[in-house]
Amino acid sequence: MSLFTSDRERRLWLLVLAVIVAIYATLGPAGTLAAFLRENNLLRITIAVVLVLALGAITWQWVKRRPSRGEIGVALAVATVYLMVWVRIHTPEERTHLFEYGLVAVLIHLALSERLRNGRLVPVAAVLAVVVTALVGWLDEGIQALLPNRFYDINDVGFNALAGLMAVGASVALTRVRRRKGDKK
């Protein structure tokens, strides 16, 4: 029996691994880079530029699909929730958790969903994706506790889990709206 149900699932798990390795590999230098950017008053603008570029790429791909009214409504609701969370997170470094662990969660959810589609048992893929993302984020904080220039922050564990929940929730909501759109045709 193969570990993966398809080439797509294998590629998704490899992408999950690559993103997690990239996050963990930057734990040491990230603090130094953030301090440098903050000292030169560049931290907020750097994160804003990354946000605009990411949102631009996502929006471009999404608009090319010609979204339905339902998809637009869900996207606006999701954007509103993200904006509300964004303004309540006080430091730019903490805001990066929304990107990092949101991406991890969506990739895990896609891999689990592919596995389920191919006939394997996956208990509640969305919930499992959020739980695994929270555990990966918790491990991130555990590693930081061991680094001299970083520290364990339980709030960051919460941000990681919240990022996973928000991203998977948005993905599930958009998928449901798309399915309804497909059913009406």
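Our subject is the structure that appears above.
Residues numbered from 1 in each chain as written. Predicted model: local features only at pLDDT ≥ 70, side-chain atom pairs only at ≥ 80, totals over all residues. Heavy atoms only, no water.

Engineer: Would you take a moment to explain the overall build of the protein chain for this structure?
Structural biologist: Assigned secondary structure in the protein chain consists of seven helices and zero strands. Counting from the amino terminus, the protein chain carries its helices and strands in the arrangement α-α-α-α-α-α-α. In summary, the protein chain has a C-alpha radius of gyration of 18 Å against a globular reference of 16 Å for 185 residues, a match within 12%. Once the C-alpha set of the protein chain is aligned to its principal axes, its extents read approximately 55 × 45 × 25 Å. In the protein chain, which comprises 185 residues, the share counted as buried stands at 33%. Contacts in the protein chain between residues far apart in sequence, at least 24 positions, make up 75% of those at least 6 positions apart. If you sum the accessible surface of the protein chain, you get close to 11,500 Å²; carbon and sulfur atoms cover 70% of it. Positive and negative side-chain charges in the protein chain, numbering 22 and 13 respectively, have mean positions lying 14 Å apart. (Helix = DSSP H or I, 4+ residues; strand = E, 2+ residues; numbered from the N terminus. Rg over C-alpha atoms; globule rule 2.2 N^0.38 Å. Buried < 20%, exposed > 50% of the residue type's maximum accessible area, 1.4 Å probe, protein only. Contact = heavy atoms within 4.5 Å. Areas by Shrake-Rupley, 256 points an atom, 1.4 Å probe, with all protein chains shown as cover. Lys, Arg positive; Asp, Glu negative; His and termini not counted. Charge placed at Lys NZ, Arg CZ, Asp CG, Glu CD.)

Engineer: When you look at the pattern of salt bridges in this model, what are you seeing that I'm missing?
Structural biologist: Two side chains that carry opposite charge are able to pair once their charged atoms sit near each other. Taken as a whole, this structure holds seven salt bridges when the rule is applied. The residue R115 makes a salt bridge to E9 at a minimum N-O spacing of 2.7 Å. Of this pair, R115 sits in helix α5 (residues 92-117) while E9 is found in helix α1 (residues 7-25), placing the two residues 106 residues apart along the sequence. R178 serves as the salt-bridge partner of E71, at 2.6 Å between the closest nitrogen and oxygen. Separated by 107 residues along the polypeptide, E71 in helix α4 (residues 69-88) and R178 in helix α7 (residues 154-184) bring together distant segments of the chain. The partly exposed category is assigned to R178, whose relative accessible area is 27%. By sharing partners, the salt bridges in this structure join R8, E114 and R117 into a single network. (Salt bridge = Lys/Arg side-chain N within 4 Å of Asp/Glu carboxyl O.)

Engineer: Can you help me understand α5 in this one?
Structural biologist: An α-helix turns once per 3.6 residues; consequently, residues spaced three or four apart project the same way. Under the 1.5 Å per step criterion, the end-to-end length of α5 is 38 Å for 26 residues, consistent within 8% with the ideal 38 Å. Positive backbone phi, at 95 degrees, marks G119, one or two positions downstream of α5. (Expected span 1.5 Å × (residues − 1).)

Engineer: What is the right way to read the nonpolar core from this model?
Structural biologist: Soluble globular proteins: nonpolar side chains tend toward being buried together. Core analysis: the biggest nonpolar cluster contains 31 residues, and Y24, L98, Y101 and V104 have the highest contact counts within it. Those elements that place two or more of their residues in this core are α1, α2 (27-39), α3 (43-64), α4, α5, α6 (125-146) and α7. At eight residues, α5 tops the list of elements feeding residues into this core. (Core = buried A, V, L, I, M, F, W, Y, C linked by side-chain atoms within 4.5 Å.)

Engineer: Just to check I follow, could you spell out the environment of R117 for this structure?
Structural biologist: Looking at where R117 falls in the secondary structure, it is placed in helix α5. For the pair R117 and N160, spaced 43 residues apart in sequence, the C-alpha separation works out to 27 Å.

Engineer: I'm lost on α4 in this one. Help?
Structural biologist: Its 20 residues give α4 an end-to-end C-alpha distance of 29 Å, which sits within 8% of 28 Å, the value for a rise of 1.5 Å per residue. Restricting attention to buried positions, one finds in α4 the residues E71, V74, V85 and W86. In an axial view of α4, the angular spread of the buried residues amounts to 110 degrees, which keeps them on one side of the axis. Exposed and oriented more than 90 degrees from the buried face of α4 are R69, L76, L83, V87 and R88. (Arc of directions from axis to C-beta.)

Engineer: How should I be thinking about the packing of α5 against α6 in this particular structure?
Structural biologist: In a pair of packed helices, the angle between the axes and the distance between the axes together describe the arrangement. It is at 8 Å that the axes of α5 and α6 come closest, and there the two elements cross at 140 degrees. The orientation of α5 with respect to α6, classified from their angle, is oblique. In the packing of α5 onto α6, the handedness of the crossing is right-handed. Of the residues in α6, those touching α5 at H97, Y101, V104, A105, I108, H109, L112 and S113 are A125, A126, L128, A129, V132, T133, V136, G137, D140 and E141. Per-class residue counts for the contact of α5 with α6 are eleven nonpolar, five polar and two charged. (Axes fitted to C-alpha atoms, helices over the stretch in contact; angles between N-to-C directions. Parallel < 35°, antiparallel > 145°, perpendicular 65-115°, else oblique. Left-handed = near helix turned anticlockwise from the far one by under 90°. Nonpolar A, V, L, I, M, F, W, Y, C, P; charged D, E, K, R; others polar.)

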